[in-house]
Amino acid sequence: MRIEMSDITIDLDTSRGRNACAKQYMGMVHKIVNQHVGQCRLSKPEIMSAALQGFTDAMNDWRKNGDESAVPFKTYAAYRVKHQILA
């Protein structure tokens, strides 16, 4: 399973590739977390924990949900992060 990001290809099947993916998208996760701080009764660390669980789920499930080219990984990951925070 690979994600194309400009000139970089990340392999989600290896821990090295998953770490690189997490580093690439951590800014997006922080942005989503900051958007939800103060909008619910959870503290920022609790929101971050939920967001990271959602991101991990996205890395694990992205390809299982069908054709990965139908939905870009970034879109799918953002959806999963937001869904986990609001769950």
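Counting restarts for each chain: residues are numbered from 1 in the order of the written sequence. Only residues with pLDDT of at least 70 are given local features in this predicted model, and only at 80 or more are side-chain atom pairs given and counted; all residues enter the totals for whole chains, interfaces and linings. Excluding hydrogens and water, the side-chain figures rest on all heavy atoms present in the structure.

K.L.:
Sorry, what's going on with the packing of aromatic side chains here?
P.N.:
We call Phe, Tyr and Trp rings a pair once their centres come within 6.5 Å, taking the six-membered ring for Trp, and we label the pair stacked below 30 degrees between planes, edge-to-face above 60, and tilted otherwise. In this structure the tally under the stated criterion is 4 aromatic pairs. Their ring planes at 45 degrees and their centres at 6.5 Å tell us that Tyr25 and Phe55 sit as a pair that is tilted. Taken as a pair, Tyr25 in helix 1 (residues 15–36) and Phe55 in helix 2 (residues 44–61) lie far apart in primary sequence, 30 residues in all. Just as Tyr25 is buried, Phe55 falls in that class too. Members of the aromatic cluster, joined through ring pairs, are Tyr25, Phe55, Trp62 and Phe73. Helix and strand assignments follow DSSP, with helices taken as H or I runs no shorter than four residues and strands as E runs no shorter than two, numbered in order from the N terminus. Burial classes follow relative accessibility: with a 1.4 Å probe on protein chains only, a residue under 20% of its type's maximum area counts as buried, one over 50% as exposed, and anything between as partly exposed.

K.L.:
When you look at the side chain of Arg80 in this model, what are you seeing that I'm missing?
P.N.:
Take Arg80: it is sitting in helix 3 (residues 73–86). Side-chain atoms alone can form a polar contact between residues adjacent in sequence; in general such a contact is a pair of N or O atoms within 3.5 Å, and within protein one must be able to donate a hydrogen while the other accepts it. Within the structure, Arg80 has its side chain in polar contact with the side chain of Asp61 (distance 3.2 Å). Here, two residues are considered to be in contact whenever any of their heavy atoms come within 4.5 Å of each other. If we ignore the near neighbours within four places in the chain, the residues touching Arg80 are Gly54, Asp57, Ala58 and Asp61.

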